[in-house]
Amino acid sequence: MLAAFTIALMILSTTMDATARYVLNSPIPGVFELNEVLLVVCVYMGLAWTQIERGHIRVTAFLMRFSDETEVKFVILAWVVTFIFIFILAYQSAIGAWESFQIREFRWGSVQMPIWWAKALVPIGCWMMNIQLIFDIWKDIEFLRGRLPKQRA
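1. Here's the deal with unusual backbone geometry
Turning to step 1, where the next piece is worked out: Its identity as a non-glycine residue notwithstanding, Asn25 has a phi of 55 degrees, on the positive side.
Turning to step 2, where the next piece is worked out: When you line up the elements, Asn25 lands in the loop between helix H1 (2-23) and helix H2 (31-45).
Turning to step 3, where the next piece is worked out: Given the relative accessible area of 68%, Asn25 is considered exposed.
Turning to step 4, where the next piece is worked out: Even without being a glycine, Arg104 presents a positive backbone phi close to 50 degrees.
Turning to step 5, where the next piece is worked out: Looking at where Arg104 falls in the secondary structure, it is placed in the loop between helix H4 (68-103) and strand S1 (106-107).

2. A short note on the packing of H1 against H2
Turning to step 1, where the next piece is worked out: Taken N-terminus to C-terminus, the directions of H1 and H2 make an angle of 160 degrees; their axes are 8 Å apart at the nearest point. Taken together, the axes of H1 and H2 lie roughly antiparallel to each other. Every pair of crossing elements has a handedness; the one defined by H1 and H2 is left-handed. Of the residues in H2, those touching H1 at Leu2, Ala3, Thr6, Ile7, Leu9, Met10, Ser13, Thr14 and Asp17 are Val31, Asn35, Leu38, Leu39, Val41, Cys42 and Met45.

3. A closer look at the confidence of the model for the chain
Do not read the fine detail of predicted coordinates wherever pLDDT is low.
Turning to step 1, where the next piece is worked out: Per-residue pLDDT for the chain averages 89, and the proportion of residues at 70 or more is 97%.
Turning to step 2, where the next piece is worked out: The least confident element of the chain, judged by mean pLDDT, is S1 at 84; the most confident is H4 at 94.

4. Side note on the side chain of Glu33
Turning to step 1, where the next piece is worked out: Residue placement: Glu33 occurs in helix H2.
Turning to step 2, where the next piece is worked out: Ignoring anything within four residues of it in the chain, the contact list for Glu33 reads Arg107, Gly109, Ser110, Val111 and Met113.

5. Considerations on the state of the cysteines
Turning to step 1, where the next piece is worked out: Applying the stated criterion across every chain, the model contains zero disulfides.
Turning to step 2, where the next piece is worked out: Cys126 provides the cysteine sulfur closest to Cys42, a residue in no disulfide bond, and the two sulfurs are 14 Å apart.

6. Digging into the side chain of Asp140
Turning to step 1, where the next piece is worked out: Among the structural elements, Asp140 can be located in helix H5 (residues 116-144).
Turning to step 2, where the next piece is worked out: Arg54 is the oppositely charged side chain nearest to the buried, salt-bridge-free Asp140, at an N-O distance of 5.4 Å.

7. Here's the deal with the nonpolar core
Turning to step 1, where the next piece is worked out: If you look at the biggest cluster of nonpolar residues, it comprises 13 residues, and the most contacted ones within it are Trp79 and Met129.
Turning to step 2, where the next piece is worked out: When contributions to this core are tallied by element, the ones reaching two or more residues are H4 and H5.
Turning to step 3, where the next piece is worked out: At six residues, H4 tops the list of elements feeding residues into this core.
Turning to step 4, where the next piece is worked out: If we skip the residues at most four places from it in the chain, Trp79 touches Gln51, Arg54, Arg58, Leu133, Asp136, Ile137 and Asp140.

What counts, and at which threshold
- Position labels on residues start from 1 in each chain and follow its written sequence.
- Residues qualify for local features only when their pLDDT is at least 70, as the model is predicted, and side-chain atom pairs are given and counted only at 80 or more; totals for whole chains, interfaces and linings, by contrast, use all residues.
- Side-chain numbers here rest on the full set of heavy atoms in the structure, without hydrogens or water.
- Secondary structure elements are taken from DSSP: a helix is a run of H or I of four residues or more, a strand is a run of E of two residues or more, and numbering for both begins at the N terminus.
- Think of it in three bands: with a 1.4 Å probe and only protein chains considered, a residue is buried below 20% of the maximum accessible area for its type, exposed above 50%, and partly exposed in between.
- Axis lines are fitted through C-alpha atoms, for helices just across the contact stretch, and the angle between N-to-C directions can take any value from 0 to 180 degrees.
- The labels follow the angle: roughly parallel below 35 degrees, roughly antiparallel above 145, roughly perpendicular from 65 to 115, and oblique for the rest.
- With the far helix as reference, a near helix turned anticlockwise by less than a right angle produces a left-handed crossing, and one turned clockwise produces a right-handed crossing.
- In this description, contact between two residues means that some pair of their heavy atoms is separated by no more than 4.5 Å.
- What pLDDT expresses is the predictor's confidence in each residue, scored from 0 to 100.
- Sulfur atoms of two cysteines make up a disulfide when they are within 2.5 Å.
- Positive charges come from Lys and Arg alone, negative charges from Asp and Glu alone, with His and the N- and C-terminal ends not counted.
- By definition here, a salt bridge exists when the distance from a side-chain nitrogen of Lys or Arg to a carboxyl oxygen of Asp or Glu is within 4 Å.
- Here the nonpolar core consists of buried residues drawn from Ala, Val, Leu, Ile, Met, Phe, Trp, Tyr and Cys, with membership extended through side-chain atoms lying within 4.5 Å.

Next comes the structure, spelled out in structure tokens:
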């Protein structure tokens, strides 16, 4: 929901800025900086939901050649590798977010825009993605054990 709200806010602010630029020959100060921050929010707050919907880009041509069981084993391997990568990303971005919060970091442009709060949302989005990956790994393991039907991706 937060990611969808930020997209709507980016559309609205960009439309208002372009209209003001065209009609009044004067852009709205800070819209560019705001949209930079909102883009970060949009991407990282949408990671887990996109995983739930299986919306991330996947190439399945290789997997189609195998049985369902072998395919699920490859998918579990991919989820584990993704989990490790996202875990490292979450950990490192949490450190960066904490440092940014401590100094109350701003982005300098036509307007001073605080960015420490947006940096804090990056690790939160990554942790949510990892929680979803744990659920996905668990579901695929349960499929291999014969306890769940295969989830089509």
